[in-house]
Amino acid sequence: MKDLFDLTGKVALVTGGTHGIGLAIGLLLARAGAKVCVNDLDDDKLQSCRDIYKQSGLDVFTLKFNVTAEVDVDRGITLIEKKAGPVDILVNNAGIIKRIPIIDMKIADYKQVIDVDLVAPLIVSKRVVPNMIEKRNGKIINMCSMMSVYGRNTVSAYASAKGGLKLLTQSMTCEWAKYNIQINGIGPGYIATSQTAPIRENGHPFNDLVMTRTPAGRWGEPEDVANAALFLASKASNFVNGHILYVDGGILANFGYVKGENDL
Ligand code: GCO
């Protein structure tokens with residue numbers, strides 16, 4: 001049973017994995033035996049990431065490259081291939097969000113979110129997949145979202161990107177599953193991270209919405225998402241492909257209810 005989730009000998013890249021969900025994913029994959037690589041653009045985040053892995057008794061290879069720039073991605077992946085080996089498990093986690101009403105949003109802001117959240121996973125996947133095809137083995141996990149299926153006011157760019165990433169995930173499956181590569185997405189619900197802090201903390205009314213719309217009655221933790229990533233990175237999911245695994249406490253299953261109604 002343990003062997004099902006054993007990643008010993010595998011090289012995993014978690015883009016933007018220095019904090020939040022990506023950090024939790026990388027730590028768990030490392031605990032499962034993977035050689036974990038993490039990129040970011042921020043030196044302080046890279047240092048804090050190395051400190052956390054060290055405190056956890058785990059190794060991590062950190063490096064700086066911009067996931068939206070093909071040349072920089074090629075340089076970064078080449079470094080990983082030299083240092084650790086070809087990437088076996090790619091977690092396209094790096095992402096940004098801008099909460100701006102459509103009418104007020106600059107096109108440049110929209111394009112930046114699309115670049116990081118949708119185009120970058122394509123760039124990094126295209127760079128690592130040739131080795132996966134050659135080895136007839138690989139795992140790609142795209143960080144989608146509830147916003148892959150729902151819109152919400154002020155997050156149009158993010159929802160556009162995450163909706164596209166759902167279909168890019170499915171399209172990758174159509175073209176690469178025959179090489180024994182499994183490409184899936186994870187759709188987090190509302191998770192307690194720095195990204196959601198502005199709509200979660202200090203009595204923000206959005207917190208009430210999440211607490212009533214989420215049947216589990218809580219915000220998710222980054223570790224909840226990491227557990228799903230371990231499944232999708234392991235042999236246990238070898239016949240799961242093109243699937244978006246929502247880790248959302250049931251929010252997508254729930255139309256909503258009046259607070260207090262049907263509460264036992
Ligand atoms: C928001 C949130 C969401 C979550 C997550 C949901 O502003 O609605 O930030 O986008 O972060 O992506 O899956």
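Heads up: the structure comes first, above all this text.
Summarised in this report is the structure supplied together with it. (Residues numbered from 1 in each chain as written. Predicted model: local features only at pLDDT ≥ 70, side-chain atom pairs only at ≥ 80, totals over all residues. Heavy atoms only, no water.)

**Description of the pairing of strand β6 (residues 181-188)**
Applied cut-off: Categorising residues by exposure relies on relative accessible area from a 1.4 Å probe, with only protein chains included: less than 20% of the type maximum marks a residue as buried, more than 50% marks it as exposed, and the intermediate range marks it as partly exposed. For helices the rule is a DSSP run of H or I covering at least 4 residues; for strands it is a run of E covering at least 2, with both sets numbered from the N terminus onward. Two strands pair under a simple rule: DSSP has to find at least two bridges between them. Note on handedness: a clockwise path from strand one over the helix to strand two, with the strands aimed away from the viewer, defines a right-handed crossover.
In terms of residue burial, β6 counts as a mostly covered element, since 8 of its 8 residues are buried. Here 6 bridges tie strand β5 (residues 138-143) to β6, and the two strands are oriented parallel to one another. When the bridges of β6 are listed, Met143 appears paired with Ile186. The parallel pair β5 and β6 is bridged by helix α5 (residues 156-176), and the resulting crossover is right-handed. The pairing of β6 with strand β7 (residues 244-247) spans 4 bridges and is classified as parallel. Paired with Gly187 across the bridge in β7 is Tyr246.

**A few points about the environment of Leu58**
Here is the rule we go by: Contact between two residues is taken to exist if any of their heavy atoms lie within 4.5 Å; hydrogens are not considered.
Looking at the secondary structure, you find Leu58 in the loop between α2 (43-55) and β3 (61-64). When near neighbours in sequence (up to four residues on either side) are disregarded, Leu58 contacts Leu27, Ala30, Arg31 and Tyr53.

**Here's the deal with the side chain of Asn184**
Rule in force here: Here a polar contact means two N or O atoms within 3.5 Å. Within protein one must be a hydrogen donor candidate and the other an acceptor candidate, and residues neighboring in sequence count only if both atoms are side-chain atoms.
Relative to the elements of secondary structure, Asn184 occurs in strand β6. In this structure Asn184 comes out as buried when scored by relative accessible area, which is 1%. Reaching out from Asn184, the side chain makes a polar contact with the backbone nitrogen of Gly242 at a distance of 3.2 Å.

**Let's talk about the site of the ligand**
What counts here: Near residues are defined by distance, with any heavy atom within 4 Å of the molecule or strand qualifying the residue. Note on areas: Shrake-Rupley with a 1.4 Å probe; residue coverage comes only from the protein chains shown.
In the region of the ligand, 14 residues are neighbours, and Ser145, Arg152, Tyr158, Pro188 and Gln195 sit closest. In the environment of the ligand, an oxygen atom lies 2.7 Å from a nitrogen or oxygen atom belonging to the side chain of Ser145. At 2.7 Å, a side-chain N or O of Arg152 approaches an oxygen atom of the ligand. Expressed as a share of its isolated accessible area of 330 Å², the protein-covered part of the ligand is 97%.

**Things to note about the pairing of strand β2 (residues 35-40)**
For β2, a buried count of 5 out of 6 residues is recorded, marking the element as mostly surrounded by other parts of the structure. One ladder, built from 5 bridges, connects strand β1 (residues 11-15) with β2; its direction is parallel. The partner of Ala12 across the bridge, within β2, is Val36. Here β2 runs beside β3; their pairing, made up of 4 bridges, is parallel. Looking at the pairing, Asp40 lines up with Lys64 of β3.

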